[in-house]
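# Commentary on secondary and tertiary structure
Here is how the chains run, residue by residue.
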Amino acid sequence: MIEFSNISKSYGSVQAVEHINLKVEKGELFGLIGPDGAGKTTLIRMLTTLLLADEGNVLFSGKDVVKDYLYVRNNVGYMPGTFSLYQDLSVEENLNFFATAFGTTVKANYHLIEPIYVQLEPFKKRRAGALSGGMKQKLALCCALIHKPEILVLDEPTTGVDAVSRKEFWEMLQGLKAEGLTIFVSTPYMDEATMCDRIALIQDGHILDTDTPTGIVAKFNYTLLALTGKYKQETIELLRSMEQVKNAFPFGDSIHITLRNGYSVKEIEGLLQKNSVAYEKLEPAKPVIEDCFMDLMTSH
Amino acid sequence: MKQLITFILKEFRHIFRDVRTLVILFGMPVVQVTLFGYAITNEVKDADIVVLDKSHDYLSTRLTNKITSSGYFYLKDKAATVKEVDKLFREDAVKLAIIIPEHFAERVQEKDAHIQLLADASDPNQANILVNYTNGIINKFMFEEAGVGLPYAINTEVEMTYNPTLEGVFLFVPGVITIILMLVSALLTSIAITREKELGTMEILLVSPLKPIQIILGKVIPYMLLSFMNAMFILLMGVFIFHMPINGSIPLLLGESLLFIITALSLGILISTKAASQQVAMMVSLFALMLPTILLSGFIFPISSMPWPLQWLSMIMPPKYFIIILKGIMLQGVGLAVLWKETLVLTGMTLVFLAAGIKNFKIRLA
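Every chain begins its residue count from 1, and numbering advances along the sequence as written. Lettering of chains starts at A and numbering of ligands starts at 1, both following the order in which they are written. Per-residue local features are limited, in this predicted model, to residues with pLDDT of at least 70; the limit for side-chain atom pairs, both in listing and counting, is 80 or more; totals at the level of whole chains, interfaces and linings are taken over all residues. Side-chain calculation: all heavy atoms of the structure are included, whereas hydrogens and water are not.

## A closer look at the domain arrangement of chain A
All names here are of chain A. According to the domain assignment, chain A contains domain 1 (2-211) and domain 2 (220-299). Throughout, the edges of the domains are those of an automatic or database domain assignment. Averaged C-alpha coordinates put domain 1 and domain 2 at centres separated by 36 Å. It only takes one pair of heavy atoms within 4.5 Å for two residues to be counted as in contact. Taken together, the contacts link 11 residues of domain 1 with 5 residues of domain 2. Any Lys or Arg side-chain nitrogen located within 4 Å of an Asp or Glu carboxyl oxygen qualifies as a salt bridge. Viewed at the interface, domain 2 and domain 1 are joined by 0 salt bridges. For the purposes of these results, a polar contact is taken to be a pair of N or O atoms within 3.5 Å, where, inside protein, one atom must be able to donate a hydrogen and its partner to accept one; residues adjacent in sequence count only when each atom of the pair is a side-chain atom. Put simply, domain 1 and domain 2 have 0 residue pairs in polar contact (both at pLDDT 80 or more) between them. Of all the secondary-structure elements, those providing two or more residues to the side of domain 1 that touches domain 2 are strand S9 (198-203) and strand S10 (206-211). Taken together, the residues of the side of domain 1 that touches domain 2 sort by class into 8 nonpolar, 2 polar and 1 charged. Think of it this way: any DSSP run of H or I at least four residues long counts as a helix, any run of E at least two long counts as a strand, and we number them from the N terminus. Gly counts as polar in this scheme, as do all residues outside two lists: the nonpolar Ala, Val, Leu, Ile, Met, Phe, Trp, Tyr, Cys and Pro, and the charged Asp, Glu, Lys and Arg.

Shown next as structure tokens:
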């Protein structure tokens, strides 16, 4: 459905993305995961015909996004990174406007947005600018869906949204996927990766890996430790300086430590005691996407 | 078509929900017309004067009465000595002093009467006007009252054509219409389009089947209608409040106004294609359009007395042509037979601006 082939793009002297290859299958919920400035928005804007690549080409439903940009514009449901609806128009007015702009009516495609719109219905007279963050996202999603797009493209839809709304939002995407829609979504939140069928990890304009979330975690074959209890920034520095430690970074309230192969927990414990570092527990942990990302990032 | 209508309706909603836009749209014309019509005027009304009558005969008294009853002057004080006159000037109590010599009536008979006018020229324009008015009254007085005794006096008869009573308003109404149309059409449209860029909604509009021409028309048509209403409103104010005549054809006047509105709108579009933010659009509109409209269009300062580089510059100012057209139709009552050149220039400018605006409209983000 979507295919990026050897895509490069730079802004002046800054290389935004370089030699990107990605393929998204029909009916897939595909996640593009990486920190701010990794190149996610650049890729999405090229897919949605807003930017031109310096090199390589992008196919949308088999159509070239440069030559057939009008086809793409007619058939993509796009939700930009910043809230881009009219704040001074009401929920209803926004929805009607975008339906008409795409040559359809809210009535004709109401079934597509119904599960999402029912939550907005009580506020339909309210100005979009007065909605909560989560509600805004729902409205933006409705507006992106109202013309029955082939592919839904979402740029960081959950950024700046509370945890409950984020979960709800992903459930909505799952529902849309179940109806056969192809969804291409970017996010800086690693924990959202497991909600996708397949993900691509992106950093500094390069794809680190593309696989299913479980596939990516399965490739992680190091011992991972979690250090809990109150820790100081110096502890991380200390861990990083140990030759046994491949990687150490804060993870929630704890520190995740990736060991180089051939070393064990005992050695780290010994070293920590020698440096009289206080901690609660040091125990093996199950790796998650973030651990894989950190590992791929440092070994890249 | 349905898309366009929806777009226009959406635009009207934006306008009517934004207080600042409404103020510029509807508050501005009233303020401008009132300001230019009443406050900023170079006519003289009730200017404070002092008369030093050294003669006190029947003729000098009648002359004083004649001057004070003209409506232009208010007799603030009568002075007995030149010193007193001087004092009044220093206190800034009077703008003009009239000194009538001794034995005025006799001297008039002898054709040797000299009246001295002293004007406060710290405001040179006003001083000039005051002196001219007084001269006019004195000449008229001499002709009427002492005419018999002045057989050789030459009387020049001046007729101020098209604006016989020299009403400043007749000049200002066309000027204000031009300023308002320029402001509303160019400034507001350029802001309205850049606002979509700034808020990111342009991103969605681009990634939609809407064509650039639909986006532009949808943005521009509401402002065209509102500007046209504004133009009519100012014309009505001019006619009914300031008694400005419309000697020429009203349909032609409205047609030419519409043409100028489209000129200004196309300038607004052109600015918006270049400006990245509302702020830039506003600065460009104000400095590149408003100032030349006020200063170089011949509205306030006559173009013929400008140095030639500015005269050249005024040639490329659309407002200049529109003001000529407006004055032509309203005051002189002429039609297209006379004004075809200006109309043609405006049409040509509009086409160039429109073509450049549409060509520059970006269908992508960068």
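## Describing the packing of helix H9 (residues 212-240) of chain B against helix H10 (residues 250-274) of chain B
All names here are of chain B. Inter-axis angles, ranging from 0 to 180 degrees, are taken between N-to-C directions of lines fitted to C-alpha atoms, where helices are fitted over the stretch in contact. Put simply, H9 and H10 touch, their axes get as near as 9 Å, and they point 140 degrees apart. Regarding the angle of H9 to H10, the classification is oblique. The way H9 lies across H10 gives a crossing that is right-handed. Of H10, the residues touching H9 (which contributes Ile216, Val220, Tyr223, Met224, Ser227, Phe228, Met232 and Leu235) are Leu253, Leu254, Leu258, Ile261, Ile262, Leu265 and Ile269. For the contact of H9 with H10, a count of residues per class yields 14 nonpolar, 1 polar and no charged. Relative orientations are named as follows: roughly parallel for angles under 35 degrees, roughly antiparallel for angles over 145 degrees, roughly perpendicular for angles from 65 to 115 degrees, and oblique for any other angle. By definition, any crossing whose near helix is turned counterclockwise from its far helix by less than a right angle is left-handed, and any crossing with a clockwise turn is right-handed.

## Structural notes on the pattern of salt bridges
Evaluated as defined, the whole model comprises 25 salt bridges over all chains. A salt bridge links B:Arg13 to A:Glu93; its shortest N-O distance comes to 3.1 Å. Here A:Glu93 lies in helix H3 (residues 91-101) and B:Arg13 lies in helix H1 (residues 2-16), a pairing that spans two chains. A:Asp209 is the salt-bridge partner of A:Lys219, the closest N and O atoms lying 2.9 Å from each other.

## Details of the domain arrangement of chain B
What the domain assignment reports for chain B is domain 1 (2-40 + 167-360) and domain 2 (47-149). For domain 1 of chain B and domain 2 of chain B, the distance between their C-alpha centroids amounts to 47 Å.

## Digging into the environment of B:Thr68
Residues and elements named next belong to chain B. Mapped onto the fold, Thr68 is located in helix H3 (residues 58-68). For the pair formed by Thr68 and Asp46, sequence separation is 22 residues and the distance between their alpha carbons is 9.0 Å. In this structure the side chain of Thr68 is engaged in a polar contact, spanning 3.2 Å, whose partner is the backbone oxygen of Asn65.

## Some thoughts on the packing of aromatic side chains
Aromatic contacts are taken between Phe, Tyr and Trp rings whose centres are within 6.5 Å, Trp giving its six-membered ring; a plane angle under 30 degrees counts as stacked, one over 60 as edge-to-face, and the others as tilted. Per the counting criterion, the structure on display carries 14 aromatic pairs over all chains. When the ring of A:Phe97 is compared with that of B:Phe7, the centres are 5.5 Å apart and the planes differ by 75 degrees; the resulting orientation is edge-to-face. With A:Phe97 in helix H3 and B:Phe7 in helix H1, this pair bridges two chains. With relative accessibility at 3%, the residue A:Phe97 sits in the buried group. Throughout this description, buried means an accessible area under 20% of the type-specific maximum (1.4 Å probe, protein chains only), exposed means over 50%, and partly exposed covers the range between.

## Quick notes on the pairing of strand S8 (residues 182-187) of chain A
All names here are of chain A. For S8, a buried count of 6 out of 6 residues is recorded, marking the element as mostly surrounded by other parts of the structure. Neither face of S8 is exposed, since Thr182, Phe184 and Ser186 on one face and Ile183, Val185 and Thr187 on the opposite face are all buried. Strand pairing is assigned whenever DSSP detects at least two bridges linking the two strands. Pairing between strand S3 (residues 29-33) and S8: 5 bridges, direction parallel. Across the sheet, Phe30 pairs through a bridge with Phe184, a residue of S8. For the segment spanning strand S7 (residues 151-155), helix H6 (residues 163-178) and S8, crossover handedness is right-handed. Seen with its strands pointing away from the viewer, a crossover is right-handed if its path from the first strand over the helix to the second goes clockwise.

## Section: a positive patch on the surface
Together, B:Lys197, B:Lys274, B:Lys359 and B:Lys362 line one region of the surface with positive charge. Note on placement: B:Lys197 falls in helix H7 (residues 169-199). Patch membership requires more than 30% relative accessible area and the absence of a salt bridge. Residues of like charge join within 9 Å; the nonpolar side chains Val, Leu, Ile, Met, Phe, Trp and Tyr join within 5 Å. Using a 1.4 Å probe, accessible areas were evaluated by the Shrake-Rupley method; residue-level cover was limited to the displayed protein chains. Two residue types count as positive, namely Lys and Arg, and two as negative, namely Asp and Glu; His and chain ends fall outside the count. A charge is said to be at NZ when it belongs to Lys, at CZ for Arg, at CG for Asp and at CD for Glu.

## Quick notes on unusual backbone geometry
Phi at A:Thr49 takes a positive value of approximately 70 degrees, unusual for a residue other than glycine. On the secondary structure map, A:Thr49 appears in the loop between helix H1 (40-47) and strand S4 (55-60). Note on A:Thr49: relative accessible area 0%, which makes it buried. Even without a glycine there, the phi angle at B:His103 is positive, about 55 degrees. Looking at the secondary structure, you find B:His103 in the loop between strand S3 (96-100) and helix H5 (104-109). A relative accessible area of 47% means that B:His103 is categorised as partly exposed.

## Points about the packing of helix H4 (residues 110-120) of chain A against helix H5 (residues 133-145) of chain A
All names here are of chain A. Axis separation between H4 and H5 bottoms out at 10 Å; the angle between their running directions is 150 degrees. Taken together, the axis directions place H4 and H5 in an arrangement best described as roughly antiparallel. H4 and H5 meet at a crossing whose hand is left-handed. For the pair H4 and H5, the contacting residues are Leu112, Ile113, Ile116, Tyr117, Gln119 and Leu120 in the first and Met135, Lys138, Leu139, Leu141, Cys142 and Leu145 in the second. The residue makeup of the contact of H4 with H5, split by class, is 10 nonpolar, 1 polar and 1 charged.

## Some thoughts on the interface of chain A and chain B
Every contact between the two is made by 30 residues of chain A and, on the other side, 24 residues of chain B. Buried area counts how much accessible surface, traced with a 1.4 Å probe, disappears from two parts once they are put together, with both parts' losses summed. Across the chain A to chain B interface the summed buried area is about 2,600 Å²; carbon plus sulfur atoms make up 62%. For chain A, the biggest contributors to the area lost against chain B are A:Leu50, A:Arg73 and A:Tyr86; these three give 23% of the whole. Seen at the junction of chain A and chain B, the total is 3 salt bridges. Across the contact surface, chain A and chain B share 14 residue pairs in polar contact (both at pLDDT 80 or more). Going through the elements one at a time, helix H2 (69-75), strand S6 (76-79) and H3 of chain A are the ones with two or more residues in the side of chain A that touches chain B.

## Some thoughts on the sheet that holds S10(A)
Residues and elements named next belong to chain A. Read from one edge to the other, the open sheet built from 6 strands follows the order S6-S7-S8-S3-S9-S10, with strand pairing classed as mixed. Two strands lie at the open edges of the sheet, namely S6 and S10, each paired on one side alone. On average, adjacent strands in this sheet sit at an angle of 15 degrees to one another, irrespective of strand direction. Across 5 bridges, S7 lies against S8 in parallel orientation. Among the inter-strand pairings, Leu154 is bridged to a residue of S8, identified as Val185. This element, helix H10 (residues 289-299), spans S3, S9 and S10 of the sheet and lies at about 40 degrees to S9.

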